[in-house]
Each structure stands twice: as structure tokens, then as C-alpha cells.
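These are the residues of each chain, in order.
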Amino acid sequence: MNLAIVSQFGEDLDRVIGRQPFVGELLAAPVRAPWEAARSADVFLVNPSTAWKEAKDMPPPPGWPGRLRWVLSGPTGVDAYPKWLLDVPLFTCGRGLATDTIADYVLSAVFHHTKPLEPVTVHEPCQWRPVPLDRVV
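So, here's what we can say about the structure. (Residues numbered from 1 in each chain as written. Predicted model: local features only at pLDDT ≥ 70, side-chain atom pairs only at ≥ 80, totals over all residues. Heavy atoms only, no water.)

1. Looking at the nonpolar core
Of all hydrophobic cores here, the largest spans 19 residues; its most connected members are Trp-35, Phe-44, Trp-52, Trp-64, Leu-68 and Leu-85. Taken together, the elements giving at least two residues each to this core come down to strand S3 (43-46) and helix H2 (50-54). In contact with Trp-52, other than residues within four places in its own chain, are Gln-8, Pro-34, Trp-35, Phe-44, Val-46, Asn-47, Ala-80, Tyr-81, Pro-82, Trp-84 and Leu-85. Core analysis: the next-biggest nonpolar cluster, separate from the first, contains eight residues, Ile-5, Ile-17, Val-23 and Val-43 among them. (Core = buried A, V, L, I, M, F, W, Y, C linked by side-chain atoms within 4.5 Å. Buried < 20%, exposed > 50% of the residue type's maximum accessible area, 1.4 Å probe, protein only. Helix = DSSP H or I, 4+ residues; strand = E, 2+ residues; numbered from the N terminus. Contact = heavy atoms within 4.5 Å.)

2. A closer look at the packing of aromatic side chains
Tallying each qualifying case throughout the model produces six aromatic pairs. Consider the rings of Trp-64 and Trp-84, whose centres lie 4.9 Å apart with planes at 75°: the pair is edge-to-face. Linking Trp-64 in the loop between H2 and strand S4 (70-73) with Trp-84 in the loop between S4 and strand S5 (91-93), this pair joins segments that are 20 residues apart in sequence. Trp-84 sits in the buried class, given a relative accessible area of 5%. An aromatic cluster is defined as three or more aromatic residues linked by ring pairs; in this entry it consists of Trp-35, Phe-44, Trp-52, Trp-64, Tyr-81 and Trp-84. (Phe/Tyr/Trp six-rings, centres within 6.5 Å; stacked < 30°, edge-to-face > 60°.)

3. A short note on the sheet that holds S3
Overall, parallel pairing links the five strands, which are arranged S2-S1-S3-S4-S5 in an open sheet. Sheet topology places strand S2 (23-28) and S5 at the edges, where each strand pairs with a single neighbour. Averaged over all pairs of adjacent strands, the angle between their axes in this sheet comes to 20°, without regard to strand direction. Of the pairings in the sheet, the one linking strand S1 (residues 3-7) to S3 comprises three bridges and is parallel in character. Note that in S3 the partner of Ile-5 across the bridge is Val-43. Across the sheet, helix H1 (residues 11-18) lies against S1, S2 and S3, angled at about 165° from S2, the strand it touches most. (Pairing = 2+ DSSP bridges. Axes fitted to C-alpha atoms, helices over the stretch in contact; angles between N-to-C directions.)

4. Here's the deal with a nonpolar patch on the surface
A grouping of Ile-102, Tyr-105, Val-106, Leu-107, Val-110, Phe-111, Leu-117, Val-131, Leu-133 and Val-136 is seen on the molecular surface, where their side chains present a nonpolar patch of about 840 Å² in accessible area. By the secondary structure assignment, Ile-102 is in helix H3 (residues 99-114). (Patch = residues over 30% accessible without salt bridge, like charges linked within 9 Å, V, L, I, M, F, W, Y side chains within 5 Å. Areas by Shrake-Rupley, 256 points an atom, 1.4 Å probe, with all protein chains shown as cover. Salt bridge = Lys/Arg side-chain N within 4 Å of Asp/Glu carboxyl O.)

5. Digging into the pairing of S2
The pairing of S1 with S2 spans five bridges and is classified as parallel. Residue pairing across strands places Val-6 opposite Leu-27, the latter belonging to S2. Considered for its hand, the β-α-β crossover made up of S1, H1 and S2 is right-handed. (Right-handed = clockwise from strand over helix to strand, strands pointing away.)

6. Describing the pattern of salt bridges
Counting across every chain of the model gives three salt bridges. The closest approach of N and O atoms between Asp-42 and Arg-69, which form a salt bridge, is 3.2 Å. Of this pair, Asp-42 sits in the loop between S2 and S3 while Arg-69 sits in the loop between H2 and S4, and the two are 27 residues apart along the sequence. For Asp-42, a relative accessible area of 6% puts it in the buried group. Among the charged side chains, a salt-bridge network with shared partners connects Asp-42, Arg-67 and Arg-69.

7. With respect to the environment of Lys-56
Residue position: Lys-56 is located in the loop between H2 and S4. Along the backbone, Lys-56 and Gln-127 are 71 residues apart, and their C-alpha atoms lie at a distance of 60 Å. The residues contacting Lys-56, other than those within four sequence positions of it, are Asp-79, Ala-80, Tyr-81 and Pro-82. One polar contact links the side chain of Lys-56 to the main-chain carbonyl oxygen of Asp-79, over a distance of 2.4 Å. (Polar contact = N/O pair within 3.5 Å; in protein donor to acceptor, adjacent residues only side chain to side chain.)

These values are about where atoms sit, not about what they do.
This is the structure in C-alpha cells:
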């Protein structure tokens, strides 16, 4: 099965998606009216944008959802989109996709702000010495 996919995920991720064997056609969504490219797609990969916010009160485009079978929103929330975007056979979100990355970032930020690591960084064996660090509380 070859799917036609419209994406708002950006060039880097689109390159990865385009290499998948199930992708027959991969199109970038127009910036001002991303929903227009979805008319001829099976899958629509969306991200919040100014266009979606401006379309919140707009009626669904003629023929919506067309042949769309799945809309995947990168972020978890749907409040940035018009309600008609959800009127597709399957709507999912990226819940949990960045969980590990966010946890790593939070931990590094906590350590950065609570532990003075720069003054105790060792660059040569002769610099090694035990240094007590404050507890994270």
C-alpha cells in the first residue's frame, strides 16, 4: 500500500518519512492553508500554526475530509485546531513521543541550577579531588 501523506513536520522529518516503503507521495502542506493539500492525501501530519489558529471559526473546507483516513497531530493538544479537523476516521496525537527527551532536559536543568558543576569539572588527573555538592531538594 502506498500512502499519500501531507506533512507540516518540516524538511528534516519529512526526509525520514519519505524514505519509508509505504509512502507513495509526500507533500509539504501549504503554510497559509495547510488543509488544501489534504484533499488528495490519505494521511495528514499536522502541527499548530498561525493558519490553524486563524481557521478556528472557519467552516470545514468543501468536501472535508475527502479521502483522508488519518490525521496525526505532533503535539498532544487539539485546542489550536478548528473542530472540523477532528472529523476524520482517525485522529491521533504525539502524546508520549518526547517523554524521555523532556525528562532528560528537566533533570539536566535541575542539576544545572542546583549543583555548581563547572568549578569541579576535571580536565586532567592531577585536578581530581573529592568535592561535596549540595543535595537536590
